[in-house]
Amino acid sequence: MFRRKFLGVLGAAAVATTAAMPLQAGSQKDIVDTAVSAGSFSTLVAAVQAAGLAGTLKGKGPFTVFAPTDEAFAALPEGTVETLLMPENKDQLVSILTYHVVPAKVMSGDIAGKRAKVLTVQGDRLSVNARNGVKVQGAEVTQADIEATNGVIHVIDKVLLPE
């Protein structure tokens, strides 16, 4: 239901992308364009645009983005995403989105077999456990190391919420 609602926010670039494409390493696109091309991050891209962060995430970087899928956003309580997209909630939306971004390029091989606390752009630290699969604040990384020209995307199955 809310995917249709967000298509208007996404703009022409997202509307032109109709088929879901798997994310592939070695992309010649920045993080935002890679997410748009994938087709499974419409909600994330809409939120990034509503928060005014698209220009930043298209910038030089490097960034590591723990990217929740549309299904992860759909699992939030009903009305949460719509409320966050309201202009009066922009600060909260920015805080949540920047909590998913690390201001460095962190590949899975960099942390394999380890636990770490990584500093986010939002200012808090994420707990990353890569000892048995990879979990970030309890969210499972379902696809790792999707390289973009300005960083890397790791797909996660939950939306991370700062405390």
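Remember, predicted model here, so these are calculated numbers, not experimental data.

## Some thoughts on the confidence of the model for the protein chain
So, step 1. With 83% of its residues at a pLDDT of 70 or more, the protein chain shows a mean pLDDT of 85.
So, step 2. In this model, residues 1–26 is a region of pLDDT below 50 whose contacts with residues beyond four sequence positions or in other chains number 42 contacts.

## Some thoughts on the pairing of strand β1 (residues 63–68)
Strand residues, when the strand is regular, have side chains that alternate between the two faces of the sheet.
So, step 1. Most of β1 is tucked away: six of the six residues are buried.
So, step 2. The side-chain alternation of β1 yields two buried faces, one formed by F63, V65 and A67 and the other by T64, F66 and P68.
So, step 3. Pairing of β1 with strand β7 (residues 151–156), which is carried by six bridges, proceeds in the parallel orientation. In the strand pairing of β7, F66 is matched with H154.

## Structural notes on the nonpolar core
So, step 1. Within the largest apolar cluster, 31 residues are counted, with the highest numbers of intra-cluster contacts made by F41, L44, V48, L57, V65 and L97.
So, step 2. For this core, the element with the most residues is helix α3 (residues 31–38), which contributes five residues.
So, step 3. Contact partners of V65, with chain neighbours within four places excluded, come to I31, L57, H100, V101, V152, I153 and H154.

## Thoughts on the environment of F41
So, step 1. Summarising the element assignment, F41 is placed in the loop between α3 and α4 (42–50).
So, step 2. Relative accessible area serves as the criterion here: at 2%, F41 is assigned to the buried category.

## Quick notes on the pattern of salt bridges
So, step 1. Tallying each qualifying case throughout the model produces three salt bridges.
So, step 2. One salt bridge in this structure joins K58 and D30, with 2.9 Å as the shortest N-O distance. Note that K58 is positioned in the loop between α5 (54–57) and β1 and D30 in the loop between α2 (12–16) and α3, a separation of 28 residues in sequence.
So, step 3. Under the relative-accessibility criterion, D30 is labelled buried at 11%.

What counts, and at which threshold
The residue numbering used here restarts from 1 in each chain and proceeds along that chain's sequence as written. pLDDT decides what is reported in this predicted model: residues at 70 or higher carry local features, side-chain atom pairs at 80 or more are listed and counted, and totals for whole chains, interfaces and linings draw on all residues regardless. Neither water nor hydrogens contribute to the side-chain values; these are computed over all heavy atoms in the structure. Each residue carries a pLDDT score, the predictor's own confidence in it, on a scale running from 0 to 100. Should any heavy atoms of two residues lie within 4.5 Å, those residues are counted as being in contact. For each residue, the accessible area found with a 1.4 Å probe, counting protein chains only, is set against the maximum for its type, and the residue is called buried under 20%, exposed over 50%, and partly exposed in between. Where helices and strands are cited, they refer to DSSP runs of H or I of at least four residues and of E of at least two residues respectively, numbered from the N terminus. Pairing between strands requires that DSSP locate at least two bridges from one strand to the other. In plain words, nonpolar cores are sets of buried Ala, Val, Leu, Ile, Met, Phe, Trp, Tyr and Cys residues tied together by side-chain atoms within 4.5 Å. For this analysis, a salt bridge means a side-chain nitrogen from Lys or Arg found within 4 Å of a carboxyl oxygen belonging to Asp or Glu.

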